[in-house]
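Here are the chains, one letter per residue:
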Amino acid sequence: MNERQRLANLLRNCSKNLLLDQGMQAHGTVMKMGLGFDLMLSNDLIDMYCKCGRTGMACAVFDRMPERNVVSWTALMCGYLQNGNAKGSLSLFSKMGLSEIKPNEFTFSINLKASGFVGIAENGMQIHNMCTKSGFEWVTVVSNSILDMYTKCGRVSEAARMFNVMPVKNLITWNAMIAGYTLEGNGERALLLFREMQGMGEVPDEYTITSTLKACSGLGAIRQGSQIHSSVITRGFLCSVRTMIAGALVDLYVKCSHLTEAQRIFDQIEQKNLVSWSALILGYAQECNLLQAMDLFRQLRVSIHHQVDGFVLSSLMGVFADFALVEQGKQMHAFTIKIPSGLDISVTNSILDMYLKCGLTDEAEKLFNETPVRNVISWTIMITGYGKHGLGRKSIRLFHQMQSEDIEPDGVTYLAVLSACSHSGLVEECQEYFSRLCHDRRIKRNVEHYACMVDLLGRAGRLKEAKNLIDSMPLKPNVGIWQTLLSACKVHGDLEIGREVGETLLRLDGDNPVNYVMLSNIYAEAGYWKECERLRKLFKMKGLKKEAGRSWVEINKEVHFFYNKDETHPLTEKIHQKLKEMEQRIKSEIGYVHGVRFALHDVEEESKEESLRVHSEKLAIGLALVCGEVEKGHKTIRVFKNLRVCGDCHAFIKGLSKVLKVVFLVRDANRFHKFESGLCSCGDYW
DNA sequence: CTAGGGTTAG
């Protein structure tokens, strides 16, 4: 064997086993032997560097080549793609189009995959076109890639068209189509196809099973899921508990709220991978079992086999954000700095989001300014965050700044800026951005965008216009947008429109407690007691329950949760005492009275005033006061609530902020309320 | 140099 062949084999081995150091040595030898211009060796070098994650080096080799063939180009594209740079691959692809080298089935396949990754169908369609013209379209590898590209770009019907006309299908074709339906959220079709393929004598493999299980968890179809689970066992796929399937199984049981079963599967897995870890951790977190979730995370951290990755970090950070666990979030932030995956953009973004959702805008701003890489999601997070804090002007500034830095806003960014404007009552600005959105052909409008406009108009009391907008919009109104209008009707006490909208909602979404509460409040305020009673009866008959109000506050790095009328806290008595004392102070100093009208829906008439006193947000604030948070010199007291703050509590906290000269930052289901010197940042619209 | 999968941030 000659030296050239020996080096080629060596390089291929380095590529396969990710031996960068050895590969670099071999590179040295190639150069020393004067083989630097050899086409095959250079191609192997490109591949080796790409596989070892050094696209920069691969690119350097590529640039210095006197002549290149299709393999050289394709190897580099593949390298870009595998290192997460799909756009790099595509731009290389178009550069290659200018040379006389023609793409082959590999080139097409890779760049179709890259287009799917980027997610712009028009881009992928162009490549599809090229495949057709050059006769590669019906090479199975290529047609599979085309099909896959369409599903990734959200054009599942195009993919299905392809699927139906493909002359030769293999297992991968079926898998791609099943995965496509699953990704789209069409679990029924995925399961149908799963059955159909078996009818055709095709034998599912692990990939088929994972997709199908995912379809089941999306549907919450626990029965079908566990059927597949047992078929997996009989098929022998689970004898050594294949990690891939196991991960999907854990996810299935988590999504169907069968945590015990999820834990049981998890315990059986011999080689636990990060997917199953993070699925289970999220499962516990989502059912509010934070202790168990954190304990699992600790276990994961100490188990040497697992380097925590960006997925785990960002999803856990999402939990901290939702629960506003500032301390845990900060600790995790500190932890991310020490590990490589902490640099993942999704991790950084999740930290930004966490700080904003915890009310720490300064921390978020600092991190945002220091982060070298920011994508459209990072900007959108900031815009949303400022918006929720009532800092609409700041949101707008960022919206312009991102565009001057050549980051294109997408549909979600527009949503963020619209809702920021509406929260801050910036009517003209909001209309201006909405019309900009309407003229931008690249961005698809959805109902949420219109809901922002409805919110804006509703806030301004222009309820007729808001209703007209819904009636005339080109999209089918959903429950959410009607609820937005209804709550505006409630704020402005508009019985006429409110009644109409409310009854529409009960027809559309008759099992949702929120609709009953809102409408009956509107009736009650207008003095329509009969209607009110009718709704209450219906509500009871259907066995509906309002979501329990829950608030929490962090004191000395410890989180305290309260429900409405909660008396389980050891300091309950002192809390009540403190609240009474505060009410008196507010009454005597600034003439505060209970906003009793907000409690009309609470059933017991005689205890109206009493029940107002024990709303969870008041209890949480009471605890903060009892614990001397003010005396400790904290200028801001942060409280979080799962539902919206009620009107009485709102008035109470305003008074409190004036009497105590303290800022209260309250995050409710909708936004942040900053109470300062007797005023609220929301301008009393909530 | 080759297509398909699972957990993830707005």
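About the thresholds
- Residues numbered from 1 in each chain as written.
- Chains lettered and ligands numbered in written order.
- Predicted model: local features only at pLDDT ≥ 70, side-chain atom pairs only at ≥ 80, totals over all residues.
- Heavy atoms only, no water.
- Helix = DSSP H or I, 4+ residues; strand = E, 2+ residues; numbered from the N terminus.
- Buried < 20%, exposed > 50% of the residue type's maximum accessible area, 1.4 Å probe, protein only.
- Contact = heavy atoms within 4.5 Å.
- Areas by Shrake-Rupley, 256 points an atom, 1.4 Å probe, with all protein chains shown as cover.
- Pairing = 2+ DSSP bridges.
- Axes fitted to C-alpha atoms, helices over the stretch in contact; angles between N-to-C directions.
- Parallel < 35°, antiparallel > 145°, perpendicular 65-115°, else oblique.
- Left-handed = near helix turned anticlockwise from the far one by under 90°.
- Nonpolar A, V, L, I, M, F, W, Y, C, P; charged D, E, K, R; others polar.
- Salt bridge = Lys/Arg side-chain N within 4 Å of Asp/Glu carboxyl O.
- Near = heavy atom within 4 Å.
- Polar contact = N/O pair within 3.5 Å; in protein donor to acceptor, adjacent residues only side chain to side chain.
- Core = buried A, V, L, I, M, F, W, Y, C linked by side-chain atoms within 4.5 Å.
- UniProt positions renumbered as here; feature names shortened; annotations may be inferred.
- Arc of directions from axis to C-beta.
- Phe/Tyr/Trp six-rings, centres within 6.5 Å; stacked < 30°, edge-to-face > 60°.
- Lys NZ or Arg CZ within 6 Å of the ring centre and 35° of its normal.

### Here's the deal with the overall build of chain A
Moving on, step 1. Assigned secondary structure in chain A consists of 36 helices and six strands.
Moving on, step 2. The C-alpha extent of chain A, read off along each of the three principal axes, is 100 × 55 × 55 Å.
Moving on, step 3. With 686 residues in all, chain A has 52% of them scored as buried.
Moving on, step 4. Residue pairs at least 24 apart in sequence account for 62% of intrachain contacts in chain A once pairs closer than 6 positions are excluded.
Moving on, step 5. When the accessible surface of chain A is totalled, it reaches about 33,000 Å², and 53% of it is carbon and sulfur.

### Observations regarding the pairing of strand 2 (residues 558–563)
Moving on, step 1. Here six bridges tie strand 1 (residues 550–555) to strand 2, and the two strands are oriented antiparallel to one another. Following the sheet pairing, Arg 550 is matched in strand 2 by Tyr 563.

### With respect to the pairing of strand 3 (residues 636–641)
Moving on, step 1. Strand direction decides the pairing type here: strand 1 and strand 3, joined by three bridges, are antiparallel. Across the sheet, Ser 551 pairs through a bridge with Lys 641, a residue of strand 3.
Moving on, step 2. The pairing of strand 3 with strand 4 (residues 663–667) spans five bridges and is classified as parallel. Bridged to Phe 640 within strand 4 is Arg 667.

### A word on the packing of helix 11 (residues 171–184) against helix 12 (residues 187–199)
Moving on, step 1. It is at 7 Å that the axes of helix 11 and helix 12 come closest, and there the two elements cross at 160 degrees. For the element pair helix 11 / helix 12, the angle class is roughly antiparallel. In this structure, helix 11 crosses over helix 12, and the sense of that crossing is left-handed. Note on element contacts: helix 12 touches helix 11 through Gly 187, Arg 189, Ala 190, Leu 193, Phe 194, Glu 196 and Met 197, opposite Leu 171, Trp 174, Met 177, Ile 178, Tyr 181 and Thr 182.
Moving on, step 2. Each residue belonging to the contact of helix 11 with helix 12 can be placed in one class, and the counts come to nine nonpolar, two polar and two charged.

### Some remarks on the sheet that holds strand 2
Moving on, step 1. Spatially, six strands are ordered 2-1-3-4-5-6 in an open sheet, and the strand pairing comes out mixed. Only two strands of the sheet have a single neighbouring strand rather than two, namely strand 2 and strand 6 (679–680).

### A word on the pattern of salt bridges
Moving on, step 1. Scanning the model with the defined rule gives 31 salt bridges in all.
Moving on, step 2. We note a salt bridge from Asp 47 to Lys 51, for which the minimum N-O separation is 3.0 Å. Here Lys 51 and Asp 47 lie together in helix 3 (residues 39–51), a separation of four residues that amounts to about one turn.
Moving on, step 3. The partner of Glu 617 in a salt bridge is Lys 641, with the nearest N and O atoms 2.9 Å apart. Separated by 24 residues along the polypeptide, Glu 617 in helix 35 (residues 616–626) and Lys 641 in strand 3 bring together distant segments of the chain.

### Description of the side chain of His 423
Moving on, step 1. Within the secondary structure, His 423 is located in helix 25 (residues 411–423).
Moving on, step 2. Judged by its relative accessible area of 11%, His 423 is buried.

### Structural notes on the protein's contact with DNA strand B
Moving on, step 1. Near DNA strand B lie 40 residues; those nearest to it are Phe 106, Asp 205, Met 244, Asn 273 and Phe 311.
Moving on, step 2. Each atom of DNA strand B within 4 Å of the protein was classed as base or backbone; sugar and phosphate made up 37%.
Moving on, step 3. Between Lys 152 and DNA strand B, the recorded distance is 3.2 Å, taken from a side-chain N or O atom to a phosphate oxygen.
Moving on, step 4. A distance of 3.0 Å is found between a base nitrogen of DNA strand B and a side-chain nitrogen or oxygen belonging to Asn 349.
Moving on, step 5. Ranked by the residues each element gives to the surface near DNA strand B, the list is headed by helix 21 (residues 345–357), at five residues.
Moving on, step 6. Here the residues of the surface near DNA strand B are counted per class, giving 14 nonpolar, 16 polar and ten charged.

### So, the environment of Ala 416
Moving on, step 1. Checked against the element boundaries, Ala 416 lands in helix 25.
Moving on, step 2. Counting along the chain gives 36 residues from Ala 416 to Thr 380, while the straight-line C-alpha distance between them is 6.5 Å.

### Considering the environment of Arg 534
Moving on, step 1. By secondary structure assignment, the location of Arg 534 is in helix 32 (residues 529–541).
Moving on, step 2. A sequence separation of 468 residues divides Arg 534 from Pro 66, and the C-alpha atoms of the two residues are 84 Å apart.
Moving on, step 3. With near-sequence residues (within four places) excluded, Arg 534 lies in contact with Glu 503 and Tyr 523.

### Describing the nonpolar core
Moving on, step 1. The biggest cluster of nonpolar side chains holds 180 residues, and the ones touching the most others in it are Ile 46, Met 177, Val 250, Leu 280, Phe 297 and Leu 485.
Moving on, step 2. Those residues in contact with Met 177 that sit more than four places away from it in its chain are Leu 147, Val 156, Ala 159, Ala 160, Phe 163 and Leu 193.

### Some points on the UniProt feature "repeat: PPR" (unreviewed entry) in chain A
Moving on, step 1. Cross-referencing UniProt, the feature "repeat: PPR" (unreviewed entry) maps to residues 38–68, 69–103, 170–204 and 375–409 in the present numbering.
Moving on, step 2. Here residues 170–204 is 77% helix and 0% strand, with 11 Å between the C-alpha atoms at its ends.

### What about the packing of helix 31 (residues 513–525) against helix 32?
Moving on, step 1. Contact pair helix 31 / helix 32: the axes reach a minimum separation of 8 Å and the direction vectors enclose 165 degrees. With respect to their mutual orientation, helix 31 and helix 32 come out roughly antiparallel. Once helix 31 is placed against helix 32, the crossing between them reads as left-handed. The segment helix 31 lies against helix 32, with Pro 513, Tyr 516, Leu 519, Ser 520, Tyr 523 and Ala 524 engaging Trp 529, Glu 531, Cys 532, Arg 534, Leu 535, Leu 538 and Phe 539.
Moving on, step 2. In terms of residue class, the contact of helix 31 with helix 32 is built from ten nonpolar, one polar and two charged.

### What to know about helix 10 (residues 156–165)
Moving on, step 1. Among the residues of helix 10, those classed as buried are Val 156, Ala 159, Ala 160, Met 162 and Phe 163. Along helix 10, the residues classed as buried sweep out an arc of 160 degrees about the axis, all on the same side. In helix 10, those exposed residues whose orientation departs by more than 90 degrees from the buried face are Ser 157 and Asn 164.
Moving on, step 2. Buried residues in helix 10 make contact with helix 8 (121–134), helix 9 (140–152), helix 11 and helix 12.

### What about unusual backbone geometry?
Moving on, step 1. The residue Lys 557 is not glycine, and still its phi comes out positive at about 65 degrees.
Moving on, step 2. Mapped onto the elements of the fold, Lys 557 is located in the loop between strand 1 and strand 2.
Moving on, step 3. Here Lys 661, not a glycine, exhibits a phi torsion of approximately 55 degrees, which is positive.

### Overview of the packing of aromatic side chains
Moving on, step 1. Going through the model one piece at a time under the given rule, you end up with 15 aromatic pairs.
Moving on, step 2. Look at Tyr 516 and Phe 539: their rings are 5.6 Å apart centre to centre, the planes differ by 65 degrees, and that puts the pair in the edge-to-face class. With Tyr 516 in helix 31 and Phe 539 in helix 32, the pair connects residues that are 23 residues apart, well separated along the chain.
Moving on, step 3. Relative accessible area serves as the criterion here: at 2%, Tyr 516 is assigned to the buried category.
Moving on, step 4. Overall, Phe 539 belongs to the buried group, its relative accessible area being 12%.
Moving on, step 5. Taken together, the ring pairs connect Phe 323, Trp 552, Phe 561 and Phe 640 into an aromatic cluster.
Moving on, step 6. Directly above the ring of Phe 335 sits Arg 301, whose terminal nitrogen or CZ lies 4.3 Å from the centroid.

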